[in-house]
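Here is how the chains run, residue by residue.
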Protein chains: 4
Amino acid sequence: MQVGLVGLGKMGGNMAQRLRQGGHDVIGYDRSPDSDRQADSLKAMVEQLQAPRVVWVMVPAGAPTSETIDQLGELLEPGDLVIDGGNSKYTDDQAHAEKLAKSQIGFVDCGVSGGVWGLTEGYALMCGGDDKNVELAMPLFQTLKPEGDFGFVHAGPVGAGHFTKMVHNGIEYGMMQAYAEGYELLQASPLVENVDETFASWQQGTVVRSWLLDLLVNAVKQDPGLSLVRGYAQDSGEGRWTVEAAIDNAVPLPVITAALYARFASRQEESPAMKVIAALRNQFGGHAVGKAGETGDVPVS
Amino acid sequence: MQVGLVGLGKMGGNMAQRLRQGGHDVIGYDRSPDSDRQADSLKAMVEQLQAPRVVWVMVPAGAPTSETIDQLGELLEPGDLVIDGGNSKYTDDQAHAEKLAKSQIGFVDCGVSGGVWGLTEGYALMCGGDDKNVELAMPLFQTLKPEGDFGFVHAGPVGAGHFTKMVHNGIEYGMMQAYAEGYELLQASPLVENVDETFASWQQGTVVRSWLLDLLVNAVKQDPGLSLVRGYAQDSGEGRWTVEAAIDNAVPLPVITAALYARFASRQEESPAMKVIAALRNQFGGHAVGKAGETGDVPVS
Amino acid sequence: MQVGLVGLGKMGGNMAQRLRQGGHDVIGYDRSPDSDRQADSLKAMVEQLQAPRVVWVMVPAGAPTSETIDQLGELLEPGDLVIDGGNSKYTDDQAHAEKLAKSQIGFVDCGVSGGVWGLTEGYALMCGGDDKNVELAMPLFQTLKPEGDFGFVHAGPVGAGHFTKMVHNGIEYGMMQAYAEGYELLQASPLVENVDETFASWQQGTVVRSWLLDLLVNAVKQDPGLSLVRGYAQDSGEGRWTVEAAIDNAVPLPVITAALYARFASRQEESPAMKVIAALRNQFGGHAVGKAGETGDVPVS
Amino acid sequence: MQVGLVGLGKMGGNMAQRLRQGGHDVIGYDRSPDSDRQADSLKAMVEQLQAPRVVWVMVPAGAPTSETIDQLGELLEPGDLVIDGGNSKYTDDQAHAEKLAKSQIGFVDCGVSGGVWGLTEGYALMCGGDDKNVELAMPLFQTLKPEGDFGFVHAGPVGAGHFTKMVHNGIEYGMMQAYAEGYELLQASPLVENVDETFASWQQGTVVRSWLLDLLVNAVKQDPGLSLVRGYAQDSGEGRWTVEAAIDNAVPLPVITAALYARFASRQEESPAMKVIAALRNQFGGHAVGKAGETGDVPVS
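Residues numbered from 1 in each chain as written. Chains lettered and ligands numbered in written order. Predicted model: local features only at pLDDT ≥ 70, side-chain atom pairs only at ≥ 80, totals over all residues. Heavy atoms only, no water.

Identification of chain A as Decarboxylating 6-phosphogluconate dehydrogenase from Epidermidibacterium keratini is taken from an unreviewed UniProt entry. Quoted straight from UniProt, the Sequence similarities (unreviewed entry) entry for chain A says "Belongs to the 6-phosphogluconate dehydrogenase family." (UniProt positions renumbered as here; feature names shortened; annotations may be inferred.)

Here's what the structure looks like:
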């Protein structure tokens, strides 16, 4: 089928390619003239599409996505459909849907997982929206998703797609941190000589085998002992939003939150909180111990 | 090759079967006369083995394992080898090795993962011990492990096998809790209609795909929404030992520890700590708010 | 000085009394005719005040506070001042201030701590706003605060008062949970016979002595072993907001968040997350162990 | 009464002074000749005491304490009493008591809190042992403890003293971390201008007032904004032992454990676990985003 695709970056570009390989007619647009775009403007892109038009938006979350959807609301016609495939916060989806609904334009939010492997292996898709709208875009979903029974879910109404994708990423935070803690403990133990090899061995027969483990094994193959990488991790919005959603729903998420906080802490050169601890220890003298007499000294708190 | 196998329970029995399928001659012994044993006593089992004898111990950790190893120390001869394939605490291994070394009997500790799938898919094995001893048992390891490049590691000296298996289980705790938290949050959200289907869809194309996810999908297929299972989880020793090892090595394990504590809490009918919180809130009156006047009321802490 | 006080519930009523004892002329208003109000309506209250009028709003956070401030915006005149002494979320303050500023009415947000003890011991006050506005209300603050050097801070511009009060409550969550965990561990230990007496003894000479400890000792005096209270704790908004603010500022708050999550968990009859753990353990058979043979059985993960 | 005091370091020296001020006859011994000792050897000290002898041991936990107690076991006589006032692990106490019991020498373990303030304000004491032995030393306890009703508890049999002192310190970890997190969040917020002043104001009227808060206010008075202290905190044994005891008793201690882990992390120049996270993010390309096209780029996990 025909589809307009806004945003031809790393993700959007690969998705365009996979869609074309699946026989779809993709009219791509990107703000950058250096991109491999088929239209010089959103308007020009829309003009190349036949009703009912389907436009897949694949630009950064927040203002870029909202602005693009606003413009599409003016360019598209009743019966057309906008899919937000970016990493929008689920709370934005309802507003986007309502704005488009005023012009009788449909909206589907679609969380997309798969990264650089999506082109060849397919993308996992999590959708939110009305049945009718999801149906309209189904040929695209069928091509983008991996071959096989899985990799696509229509999770609920508008917002459910980005919500489930957000939780997916929250789980990912927890899993990554679990492997990371295990790796650190093995490295710290004087008993274990082959940490990287141990992780590699776990790829078969164990309870912890997973795609993330495979990635980690790739990483240590390229950089044994991870001596070249810095212990510094950014967080994307999804981890934070997952914790916010947990708080809104009074759901305890100790593991996912701990994983998020570990990333926060990794970006601090020094922990301000630990300055307080150190200052307090100074105050009650606990830390100064050990300097005093040869024997007869006991920690003083 | 020939091997004595002590312990013919669920794990030991399956391992005996896989070893025999691999062409090994397994002389099994179990304390229970109802078991499918080939010897009526440890002594009888040892007598059926030709030197250098290899005896694989597959009995519960703690006293049963220590007592079995003690007895083997008296029954075996210099040059023989004992493999502890149970879930012993890594700190026990050194003592077992030393005891056997007095009689010039070798020792290898071997953490085994695989559960009920091990019989057909193979067991992941993590060994600790001298090269010579590991070499001696290698034909057994080759048969027990899964086909392919992975599933076996010689992680270090005595103790390293159980240590790595323990950390493996610690990681498993963290991963399971990550999925569990995500499941709970999806269930709690009014937006998401198809929680089980969402998890199933994640089996392809996502970052969180794993064997544990496959198991969880199996579980919700058998019991949609997990309405039949109780929210009550035991912990095996490994989770606790992992945290103890972390403390010994001053390694922070927030995620693995949180996963362990969640299991502790699940077994409490009521949290004693929360009684303290409730009592404190009573004291400063914070909780009684809401009972008072129509307007004009503010939480009082 | 003269002050209008909106909201004569448990907190507002006590504050009116303390203000009058300090010589101030309090015109109280409450929606409830049964209250001890001096005016039948907000309008009547405002009419009894002389310019520049100061109105202290002490009603529940959220809609009640916003509606009251909206009405005051219409009733008051340029140069008048509104103080929000309730538990508003700090993010609401800026909007309230801007709305009032359109009519040249000043705004100060004032977090109030002290509960039922405030009447006699004084209230701790944390203010946000312009110097000029804080100055105008200073005679009220001086009366409400405890005698002595402390108990009042002008923490910053509008919002800083409720923000610091919120963090105060976040710290309180962490402290309460610290005591609660210690109490639970002492109760669980077979070594300790006198848990309540131990906590009482800590009131002097220790590092952990505090007002909260005094309250806890009161509580166990009334209910030894806390056998009468349920292990069930509500949370007020401040704990949640503190974690949200942490996420906004990428500040790791492991202790305060854990304290909040412990309260969430205490209100669940059963943990949905733990159902996932239990279901997974069923899948790989780990839990069924122990049922099988007499010896020879090892946990199977 | 007469007492032998072994260990005249910072703690022991002050305690000797407070005991003498209370009218007791203290025969002090310390390994160091530079100390203010009244005996040149343990033996000489014991010889100066009249039966039934009471010897208070105040030396570092572990080997120094065990060796001292061993020697006292040989020097003392039936009916004498040894008090271990150091920070011994509670699990050591039973062994010490049994060793001394063979010579019919009594044993009391006594956790001591108070630090440098103990000399003037008194020490909080937590004892474990038989009633008879605790009675014998009661005149010493009465002098060492603060004036007033509190500061002393006989918590249970041998071991209960050090166990309760350990839990006391665990609670202290949690409380300190709660303040530390609040301080960090206030510093991070653009809204709050007077963080130090805010903490000072909390000393009266608030729920979080405590001795630790007073210490923190002292600290920021000496070093505003804590700009001079490093965010690096040691941990004493008690925090680790508290978590170990929690694991032994299946008691969840999320707050106390998080406080301990925060200290572990503060001593790492770089988090090895975070290297794993960063390496994984590299693998699935998530972090490289932002480098690519002008628009059209979405995080790729």
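Caption draft 1: How the structure looks around the interface of chain B and chain A. Taken residue by residue, the interface counts 73 residues in chain B and 73 residues in chain A. Approximately 5,900 Å² of surface area, both sides summed, lies buried where chain B meets chain A, with 70% of it carried by carbon and sulfur atoms. Taken together, the links from chain B to chain A amount to two salt bridges. Measuring nitrogen to oxygen at the nearest pair gives 3.2 Å for the salt bridge that ties B:Arg209 to A:Glu121. Sorting the residues of the side of chain B that touches chain A by element identifies strand S6 (124-128), strand S7 (152-156), helix H7 (160-188), helix H8 (195-201), helix H9 (211-222), helix H10 (237-248) and helix H11 (254-266) of chain B as the ones contributing at least two each. (Contact = heavy atoms within 4.5 Å. Buried area = accessible area lost by both parts, 1.4 Å probe. Salt bridge = Lys/Arg side-chain N within 4 Å of Asp/Glu carboxyl O. Helix = DSSP H or I, 4+ residues; strand = E, 2+ residues; numbered from the N terminus.)

Caption draft 2: Spotlight on helix H1 (residues 10-21) of chain D. Across its twelve residues, H1(D) extends 17 Å between first and last C-alpha, which sits within 8% of the 16 Å expected from 1.5 Å per residue. Phi turns positive one or two residues past the end of H1(D), at D:Gly23, with a value near 95°. (Expected span 1.5 Å × (residues − 1).)

Caption draft 3: Just the relation of the copies chain A and chain C, in detail. Screw-axis analysis of chain A against chain C gives a translation of 0.0 Å along the axis, an RMSD of 0.0 Å, and a rotation angle of 180°. These values place the two chain copies in the arrangement generated by a two-fold rotation axis. For chain A, the residue whose C-alpha comes nearest the rotation axis is A:Glu244, separated from it by 3.3 Å. The share of interface residues of chain A whose copies in chain C are also at the interface is 100%, consistent with both copies meeting through the same surface. (Least-squares fit on C-alpha atoms with pLDDT ≥ 70 in both.)

Caption draft 4: Structural detail: the relation of the copies chain B and chain A. Least-squares fitting of chain B to chain A yields an RMSD of 0.0 Å, with the transformation described by 0.0 Å of translation along the axis and a rotation of 180°. Here 100% of the interface residues in chain B have copies in chain A that are interface residues too; the copies meet face to matching face.

Caption draft 5: Inspection of the packing of aromatic side chains at higher detail. This model, assessed by the stated rule, comprises 28 aromatic pairs over all chains. Between the aromatic rings of B:Tyr261 and B:Phe264, the centroid separation amounts to 5.9 Å while the plane-to-plane angle is 35°, which identifies the pairing as tilted. With a gap of three residues between them, B:Tyr261 and B:Phe264 both fall in helix H11, about one helical turn apart. Overall, the relative accessible area of 4% leaves B:Tyr261 in the buried class. Pairing C:Phe199 with C:Trp202 gives two aromatic rings, centres 4.7 Å apart and planes at 50°, and the pair type is tilted. Of the two residues, C:Phe199 and C:Trp202, neither departs from the other in class, the shared state being buried. Connected via pairs of aromatic rings, a cluster forms that spans A:Trp56, A:Phe141 and A:Phe152. (Phe/Tyr/Trp six-rings, centres within 6.5 Å; stacked < 30°, edge-to-face > 60°. Buried < 20%, exposed > 50% of the residue type's maximum accessible area, 1.4 Å probe, protein only.)

Caption draft 6: Seen up close, the sheet that holds S7(B). All names here are of chain B. On the basis of which strands lie adjacent, the open sheet formed by seven strands has the order S2-S1-S3-S4-S5-S6-S7 and mixed pairing. Edge positions in the sheet fall to strand S2 (25-29) and S7, since each of these pairs with one other strand and no more. Averaged over all pairs of adjacent strands, the angle between their axes in this sheet comes to 25°, without regard to strand direction. Across three bridges, the pairing between strand S1 (residues 2-6) and strand S3 (residues 54-57) is parallel. (Pairing = 2+ DSSP bridges. Axes fitted to C-alpha atoms, helices over the stretch in contact; angles between N-to-C directions.)

Caption draft 7: Just the environment of B:Tyr29, in detail. All names here are of chain B. Residue placement: Tyr29 occurs in strand S2. On the basis of relative accessible area, Tyr29 is assigned to the buried category, the value being 13%. For Tyr29, the residues in contact, after removing those within four places along its chain, are Leu5, Val6, Gly7, Leu8, Arg37, Ala39, Asp40, Ser41, Leu42 and Met45.

Caption draft 8: Fine view of helix H10 (residues 237-248) of chain A. In a regular helix each residue adds 1.5 Å, so twelve residues correspond to 16 Å; H10(A) covers 16 Å between its end C-alpha atoms and thus fits that length. The buried fraction of H10(A) is high, at nine of twelve residues. Taken together, the buried residues of H10(A) touch helix H4 (90-101), helix H7 (160-188) and helix H11 (254-266) of chain A, H7 of chain B together with helix H10 (237-248) and helix H11 (254-266) of chain C. Following H10(A) by one or two positions, A:Ala250 adopts a phi angle in the positive range, close to 55°.

Caption draft 9: Focus on the pattern of salt bridges. This structure, assessed with the given rule, holds 40 salt bridges over all chains. With a closest N to O distance of 3.7 Å, B:Glu77 and B:Arg53 form a salt bridge. Placement of B:Glu77 in the loop between helix H3 (63-75) and strand S4 (81-84) and of B:Arg53 in the loop between helix H2 (42-47) and S3 is noted, with a sequence separation of 24 residues between them. The partly exposed category is assigned to B:Glu77, whose relative accessible area is 40%. On the basis of relative accessibility, which here comes to 12%, the residue B:Arg53 falls in the buried class. C:Glu244 serves as the salt-bridge partner of C:Lys89, at 2.8 Å between the closest nitrogen and oxygen. Of this pair, C:Lys89 sits in the loop between strand S4 (81-84) and helix H4 (90-101) while C:Glu244 sits in helix H10, and the two are 155 residues apart along the sequence.

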